[in-house]
Amino acid sequence: MKNKAYIFSWIAQLIAVVIMGQTLFFKFTGHPETIAIFEEKLNMPGGQYVIGIAELIACILLLIPTSVAYGALLGAGLMTGAIIGHITHIGWEGNHLTLGIMAIITLVSCISVLIIRRSELPFIKSALKEQ
Amino acid sequence: MIGKLSIDLHKLAKFTNLAIPILAILFFVAGLKVSFYFHFLTVTFLFLTIINFFYLKVQTTHSVLRNFGVLGQGRYMLESIGPELRQYLFANDTEEKPFNRTERAEVYRKAKNIDSASSFGSQFEFDSSEIKIRHSMFPISKDKLIPYRLTFGEERGVANSYTITKPFMISAMSYGALGERAVRSFARGAKMAGIPMNTGEGGYPKYHLDEGCDLIFQMGTAKFGVRNEDGTLNDDKLQELAQKDSIKMVEIKFSQGAKPGKGGLLPKEKITDEIAELRGVPKDRDVISPSSHAECKDIESTVAFIDHVQKATELPVGIKLCVGRPQQFEELVLEMKRQNVFPDWITVDGAEGGTGAAPKAFIDRVGMPLFPALKSVNDILAKNEVRNRLKLLASGKLVAPGRQMVAFCLGADAIYSARGFMLSLGCIQALQCGNNTCPVGITTHDPVLQHGINIDAKAPRIANYVHNLEHDLEELLASAGCRSVKELTFDHLFVPSESTLYPFIQSN
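Predicted model only: the values in this text are computed from it and were never measured. (Residues numbered from 1 in each chain as written. Chains lettered and ligands numbered in written order. Predicted model: local features only at pLDDT ≥ 70, side-chain atom pairs only at ≥ 80, totals over all residues. Heavy atoms only, no water.)

1. Examining the overall build of chain A
What counts, and what does not: Each helix is a run of H or I in the DSSP string that is no shorter than four residues. Each strand is a run of E no shorter than two, and both are numbered from the N terminus. Radius of gyration here uses only the C-alpha atoms, and the compact-globule reference equals 2.2 Å multiplied by the residue count raised to the power 0.38. When a residue's accessible area, from a 1.4 Å probe over protein chains only, is under 20% of the maximum for its type it is buried; when over 50% it is exposed; and in between it is partly exposed. Contact between two residues is taken to exist if any of their heavy atoms lie within 4.5 Å; hydrogens are not considered. For every accessible area listed, the method is Shrake-Rupley and the probe measures 1.4 Å; residues are considered covered only by the protein chains on display. We count Lys and Arg on the positive side and Asp and Glu on the negative side, and we leave His and both chain ends out. In plain terms, the charge of a residue is placed at NZ if it is Lys, CZ if Arg, CG if Asp and CD if Glu.
A count of helical and extended segments in chain A gives 6 helices and 0 strands. Beginning at the N terminus, the succession of helices and strands in chain A can be written as α-α-α-α-α-α. Relative to its length of 131 residues, chain A is compact, with a C-alpha radius of gyration of 16 Å against a globular reference of 14 Å. In terms of principal-axis extent, the alpha carbons of chain A reach across some 50 × 25 × 25 Å. When burial is assessed residue by residue, chain A has 44% of its 131 residues classed as buried. Restricting the contact set of chain A to residue pairs at least 6 apart, pairs at least 24 apart contribute 64%. Accessible area of chain A: about 6900 Å², with a carbon and sulfur share of 72%. The positive charge centre, built from 8 side chains, and the negative charge centre, built from 7, are 18 Å apart in chain A.

2. A closer look at the packing of aromatic side chains
Residues and elements named next belong to chain B. As a reminder, the rule being used: Each pair of aromatic rings taken from Phe, Tyr and Trp, with Trp reduced to its six-membered ring, is defined by centres within 6.5 Å and is described as stacked if the planes are under 30 degrees apart, edge-to-face if over 60, and tilted in the remaining cases. Put simply, a charge is over a ring when the Lys NZ or the Arg CZ is close to the ring centre, within 6 Å, and near the line of the ring normal, within 35 degrees.
The full count for this structure, using the stated rule, is 8 aromatic pairs over all chains. Centre to centre, the rings of Phe54 and Tyr55 are 6.1 Å apart; their planes meet at 50°, and the pair counts as tilted. Each member of the aromatic cluster is reached from another via a ring pair, and the members are Phe27, Phe38 and Phe45. The side chain of Lys397 reaches across the aromatic face of Phe99, ending 5.4 Å from its centre.

3. Considering the pairing of strand β13 (residues 414-417) of chain B
Residues and elements named next belong to chain B. The following threshold applies: At least two DSSP bridges between two strands are required for those strands to pair. Here is how to tell: hold the view so the strands point away, follow the path from the first strand over the helix to the second, and if it runs clockwise the crossover is right-handed.
Burial along β13 is two-sided: Ala414 and Tyr416 facing one way and Ile415 and Ser417 facing the other are all buried. Bridging between strand β4 (residues 168-170) and β13 involves 3 bridges; their strand directions are parallel. Bridging from a neighbouring strand, Met169 pairs with Tyr416 of β13. Judged from the 3 bridges that link them, strand β12 (residues 391-395) and β13 form a sheet pairing that is parallel. Within the sheet, the bridge partner assigned to Ser395 lies in β13 and is Tyr416. Each parallel crossover has a hand, and the one from β12 via helix α15 (residues 401-409) to β13 is right-handed.

4. Here's the deal with a nonpolar patch on the surface
Residues and elements named next belong to chain A. The criterion, for reference: Exposure above 30% relative accessible area and the absence of a salt bridge qualify a residue for a patch, where like charges join within 9 Å and nonpolar side chains (Val, Leu, Ile, Met, Phe, Trp, Tyr) within 5 Å. Here a salt bridge means any side-chain nitrogen of Lys or Arg lying within 4 Å of a carboxyl oxygen belonging to Asp or Glu.
A cluster of nonpolar side chains, namely Ile7, Ile11, Ile15, Ile87, Trp92, Leu97, Ile101, Ile104, Ile105 and Val108, defines an oily patch on the protein surface of about 870 Å² accessible area. Mapped by element, the contributors of at least two residues to the nonpolar patch are α1 (2-29) and α5 (95-116). In terms of residue count, α5 provides more of the nonpolar patch than any other element does, 5 residues in total. Here Ile105 shows up in helix α5.

This is how it looks when you write it as structure tokens:
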């Protein structure tokens, strides 16, 4: 049972890493559409680098066995921010819909990982241990 | 009215629990109106709100978290680093247990070959319970000292008798309790220092043998390495072991100071595949040795068992025990006289002795402390006129020359120490021995933690420690006006009325 859960966790981790990872290419090369989102819609000039670096760290943490839970926490936080961005500033038209859905898929993956690996989370595990 | 400034932690926690979701909303609004960067804080506080809800309303195990929420974690966080904070910052130099900073520092200095002179005055209490050594008005010069020499097995005329030339030996620590690198460091250091090392009851020695030092094979109650399926002794295996060049003596462990009346304990966290194989035990549960040897049902069979092992191994064979009742020990001695069978030595382990893992009640409350136990044993042997039939070894917190000297005055012929050598190897008294998480890599099998030990760098520290102990012992002997430890007697001790040895003064 535990092994199955871990296999599921690794599938979710890989989904999150692939989705976040492929956007890094656009963020770091300064793709016009990405710059448009960050500068015009969100009013965060250069924000693609800040978010991109945070996502890169999340991807790395998600792939190192001892830090998966931390990577999922960071990933979930970033994707929550992304979804807030879609709701309040970016909207869901055309290409933005695809991006928004990918953010939701990544968030769901990260939360799945957090639930499976809840016993590895620093602030939660002590409360779970004796239950 | 003037209000006093004070912190009500419960009110503070209630305020925090309310503030967290409010702040999450405020940051959301700021993210909407001011800058999207505020959403970093929105997300952080949103997550904190969720965790706090879990603490306050969902989980049921921690009362502090149910009442205080995230702030309650502050208690657990600080508590978890409490031992470190106390050791680094707040604990007095003489108040830590089992070894205070002064005692540890003395061993570290000896191991690193740094001069251990102290300044201004002693940190000890002079008016209460500390035993002192009586010096002579006419100390002798050190060149008059007789070189130390002790031969085990000479009383019985054992062909393979064994002689030590330094009165120190590395006490029993098993491979299992110790990691591989620690075992190798001790063994290599023992060879450099020219002292023997006890293998502990950890089964067939492996890494000890690689380093080529003299070994005392310890046979615990479970007889790891030399047992039959039913827990009795397998003579063939014992004989095979006894024929190895490195194995000089065999010690039968009846009880241990840290847990007398109970067998050895190795927590399952520390059982690797290799240890399971060497001991012949399963991996998935704690290994608990029986509380006594299968062969030893009463005093008569116990003495017969000693005889059996002596005949089977043709080596010096000793016993190790922690004294509970001196009368019971006397019965054992009388039976030894009746059968005319004596072990070649008796190790008296004080209840203050160390361990990798033992039940707390046993560590704290069971067994006689070393000094009164050693004195009782020596007196009983002398009273029955058999003191010259065997050697007497002492163990139990004998890491520094002061206590070692007291043990010699009480009748010990040589000193066993385990923790003294662990400290030499870099032990910081983190008290993690049973958890496989030793921060300096001594009592762990985790290769990452064992990386902390460089055997080539650490083995010489064992030798330095022995060398400096020997130096201090010689100085103390000279100041007492004695040429060897054999000349030390109970009269060389000043025993204050609060001491556990005081009753012996009165009976003398």
